[in-house]
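# Residue-level structure breakdown
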Amino acid sequence: MTMPRFGRFLRIVPEASFVVSGQVVGAAGNIFAIRILTTLLPPAGYGELALAMTGAVLAQQLVLGPIGTACVRYFAPAVESKRLGVYTKCILLLFALGTGVLAGIAAAVAAGLEMSDHRSWLPFLGPAFVFAWI
């Protein structure tokens, strides 16, 4: 690596380390949570919870995940160009729109559960929505 490229590499190390450490902590927390939940819940209860969480993660990855990725990607350029205020307003607007889309998905799923024979799953919908949003 030439010296200018190495200098650029050193500039991104703190930001990249922050992102990687966040992913590692999240993965470790998931492993720990699975161990606790499988100990506390009966198999049927854990299966229902796992299905609700799978739906929530799918919704989150399709709606808010790309927004979060864009936040990480464009933060540094916004700071460098001294346009952090505009960046923040746009990100908040995107998250508000994404929250509305998630609420619409939750409403559609609630309507589907209500019309089908799966009304017993409705109590899982609220926590799954909050989990997807967080």
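Residues numbered from 1 in each chain as written. Predicted model: local features only at pLDDT ≥ 70, side-chain atom pairs only at ≥ 80, totals over all residues. Heavy atoms only, no water.

What follows concerns the confidence of the model for the protein chain. Here the protein chain averages 87 in pLDDT, and 97% of its residues register 70 or above. Considering each helix and strand of the protein chain separately, the mean pLDDT is smallest for helix H4 (residues 122-133), with a value of 82, and largest for helix H3 (residues 84-115), with 91. (pLDDT = per-residue confidence, 0-100. Helix = DSSP H or I, 4+ residues; strand = E, 2+ residues; numbered from the N terminus.)

With that settled, the discussion passes to the nonpolar core. By size, the foremost hydrophobic cluster in this structure holds 13 residues, and its most contacted members are Leu64, Cys71, Tyr87 and Leu102. Of all elements in the fold, only helix H2 (43-80), H3 and H4 reach the threshold of two or more residues within this core. With eight residues, H2 is the single largest residue contributor to this core. Residues contacting Tyr87, with those up to four places away along its chain left out, are Cys71, Val72, Tyr74, Phe75 and Ala78. (Core = buried A, V, L, I, M, F, W, Y, C linked by side-chain atoms within 4.5 Å. Buried < 20%, exposed > 50% of the residue type's maximum accessible area, 1.4 Å probe, protein only. Contact = heavy atoms within 4.5 Å.)

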